[in-house]
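# Survey of secondary and tertiary structure
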Amino acid sequence: MTERTFSIIKPDATKRNLTGKINAVIEDAGLRIVAQKRIRMSDAQAKKFYEVHSERPFYGELVEFMTSGPVVVQVLEGDNAVARYREVMGATNPEQAAPGTIRKLYANNVGENSVHGSDSLDNAKLEIAQFFTDAEIVG
Ligand code: RTP
Ligand code: MG
């Protein structure tokens, strides 16, 4: 089934000028980038986005990291896009990520792990709506 998922290229990756290389992995995996913009996330945006992790010990560090530099927010479209992109990203910890995945190729560590991808179709819809209007998504 054709789906849309939400992606973020995180500050560790934009800092190292890896946007194009990450986009190549995404496109080579058969996902289409149907919306994309480079933004600086505000503290309020990052706190809201990661609200599910607000009780976790790494929450403060995570919000600080996500606001530490530019990010590229994206909408990806394709067959089973949510699960497919999770595969392409690899495990949260790059040491456990499979060869060829974005995190294996580029992530610094479990926190600075280069990309975010929605973990369910419902969350994808909520996350896309936090950053894009319908008119900004061109399928
Ligand atoms: P994401 O939400 O960014 O796509 O990553 P994920 O599903 O693979 O991992 P999740 O458990 O949702 O964690 C969200 C992000 O929090 C940071 N994190 N740091 N220091 C730590 O132990 C730790 N654990 C998670 C990572 O940036 C992770 O992607
Ligand atoms: Mg997650």
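Let me sum up the structure you'll find in this document. Since the structure is predicted, the reported quantities are computational estimates derived from the model, not experimental observations.

Membership of the largest hydrophobic core comes to 21 residues, with the highest contact counts inside it found for Phe 6, Ile 8, Met 41, Met 66, Val 73, Phe 131 and Phe 132. Put simply, the parts of the chain that give this core at least two residues each are strand S1 (2–9), strand S2 (32–39), helix H3 (43–49), helix H4 (59–66), strand S3 (71–79) and helix H7 (121–131). Among the elements that take part in this core, H4 stands out by supplying 5 residues, more than any other. When residues no more than four places from it in sequence are discounted, the contact partners of Met 66 are Ile 8, Lys 10, Pro 11, Met 41, Ala 46, Tyr 50 and Val 71. Residues Ile 9, Ala 29, Ala 81 and Val 88 belong to the second largest nonpolar core, which totals 17 residues.

Let us now look at the pattern of salt bridges. One pass over the structure, following the stated rule, counts 5 salt bridges. Close ionic contact of Arg 16 with Asp 12 constitutes a salt bridge, the shortest N to O distance being 2.6 Å. A relative accessible area of 35% places Arg 16 in the partly exposed class. Asp 12 sits in the buried class, given a relative accessible area of 4%.

Right, let's get into the sheet that holds S3. Taking strand neighbours across the sheet as the criterion, the 4 strands line up as S2-S3-S1-S4 in an open arrangement whose pairing is antiparallel. Of all the strands in the sheet, the pair left with one neighbour each is S2 and strand S4 (115–117). Taking each pair of neighbouring strands and ignoring which way they run, the sheet shows an average axis angle of 20°. The pairing of S2 with S3 spans 7 bridges and is classified as antiparallel. Paired with Gln 36 across the bridge in S3 is Gln 74. Contacts from helix H5 (residues 81–89) reach S1, S3 and S4 within the one sheet, and its direction differs from that of S1 by about 35°.

Turning next to the layout of surface pockets. Summary: where empty space remains is shown by rolling a probe the size of a single water molecule over the atoms. In this structure, the largest pocket spans a volume of roughly 760 Å³. As for the largest pocket, its lining consists of 28 residues, of which Tyr 50, His 53, Phe 58, Leu 62 and His 116 are closest to the centre. Listed by contribution, the elements that provide at least two residues to the lining of the largest pocket are H3, H4, S4 and H7. Broken down by element, the lining of the largest pocket gets its largest block of residues, 4 residues, from H7. Grouping the amino acids of the lining of the largest pocket by side-chain chemistry returns 9 nonpolar, 9 polar and 10 charged.

What counts, and at which threshold
- Residues numbered from 1 in each chain as written.
- Chains lettered and ligands numbered in written order.
- Predicted model: local features only at pLDDT ≥ 70, side-chain atom pairs only at ≥ 80, totals over all residues.
- Heavy atoms only, no water.
- Core = buried A, V, L, I, M, F, W, Y, C linked by side-chain atoms within 4.5 Å.
- Buried < 20%, exposed > 50% of the residue type's maximum accessible area, 1.4 Å probe, protein only.
- Helix = DSSP H or I, 4+ residues; strand = E, 2+ residues; numbered from the N terminus.
- Contact = heavy atoms within 4.5 Å.
- Salt bridge = Lys/Arg side-chain N within 4 Å of Asp/Glu carboxyl O.
- Pairing = 2+ DSSP bridges.
- Axes fitted to C-alpha atoms, helices over the stretch in contact; angles between N-to-C directions.
- 1 Å grid on protein atoms, 1.4 Å probe; cavity = no way out; pocket = protein on both sides within 12 Å on 5 of 7 lines; lining within 4 Å.
- Points joined across faces, edges and corners; volume = space filled by probe spheres on them.
- Nonpolar A, V, L, I, M, F, W, Y, C, P; charged D, E, K, R; others polar.

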